[in-house]
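Fold and contact review
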Amino acid sequence: MMDPDRAKEVRRAVLEFLAVRHHLAYDPASILKRVRDSRVLDFEPTLEEVEGALSFLRSSGWTGSIPSKIGKDIFHQATSAGVLAHEQGYL
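As a starting point, this report considers the structure included with it. (Residues numbered from 1 in each chain as written. Predicted model: local features only at pLDDT ≥ 70, side-chain atom pairs only at ≥ 80, totals over all residues. Heavy atoms only, no water.)

1. Some points on the pattern of salt bridges
- On inspection of all chains with the given rule, the structure shows three salt bridges.
- Asp37 is paired through a salt bridge with Lys33; the nearest N and O atoms lie 2.7 Å apart. A residue pair is termed a helical-turn pair when its members lie 3 or 4 positions apart in one helix, as Asp37 and Lys33 do in helix 2 (residues 28-38) at four residues.
- Judged by its relative accessible area of 51%, Lys33 is exposed.
- For the salt bridge of Arg36 with Glu44, the shortest nitrogen-to-oxygen distance reads 3.6 Å. (Salt bridge = Lys/Arg side-chain N within 4 Å of Asp/Glu carboxyl O. Helix = DSSP H or I, 4+ residues; strand = E, 2+ residues; numbered from the N terminus. Buried < 20%, exposed > 50% of the residue type's maximum accessible area, 1.4 Å probe, protein only.)

Spelled out as structure tokens, the structure:
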């Protein structure tokens with residue numbers, strides 16, 4: 001089971017990444033790479049942690065999922081509520 005504090009940090013980093021780029025949508029692997037490259041966390045999150053964060057953020061209405069028109073990929077994008085949550089520091 002994931003440490004709740006670690007999960008919260010991953011959610012915060014994923015939301016920040018998506019909120020700043022709210023006009024674009026990313027697949028989980030790209031989000032993971034960008035969050036790792038940003039070094040905003042003191043640890044390297046896993047793909048499983050990023051996917052868990054995306055699930056939480058989606059259920060909160062802070063991100064949306066966009067299925068690929070070709071293939072099975074799903075892309076994620078911050079919603080306006082997610083941008084506001086990021087700006088107001090809800091996480």
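Here the narrative resumes.
2. A look at the pairing of strand 1 (residues 63-67)
- As paired strands, strand 1 and strand 2 (residues 74-78) are joined by five bridges and run antiparallel to one another. In the strand pairing of strand 2, Gly64 is matched with Gln77.
- The hairpin turn running from strand 1 into strand 2, its antiparallel successor, is six residues long, and Gly71 in that turn takes a positive phi close to 90 degrees. (Pairing = 2+ DSSP bridges.)

3. A look at helix 4 (residues 80-87)
- Restricting attention to buried positions, one finds in helix 4 the residues Gly82, Val83 and Ala85. Mapping the buried residues of helix 4 onto a view down its axis gives an arc of 160 degrees, with all of them on the same face. Turned more than 90 degrees off the buried face of helix 4, the exposed positions are Ser80 and Glu87.
- In the core, the buried residues of helix 4 are packed alongside helix 1 (4-20) and strand 2. (Arc of directions from axis to C-beta. Contact = heavy atoms within 4.5 Å.)

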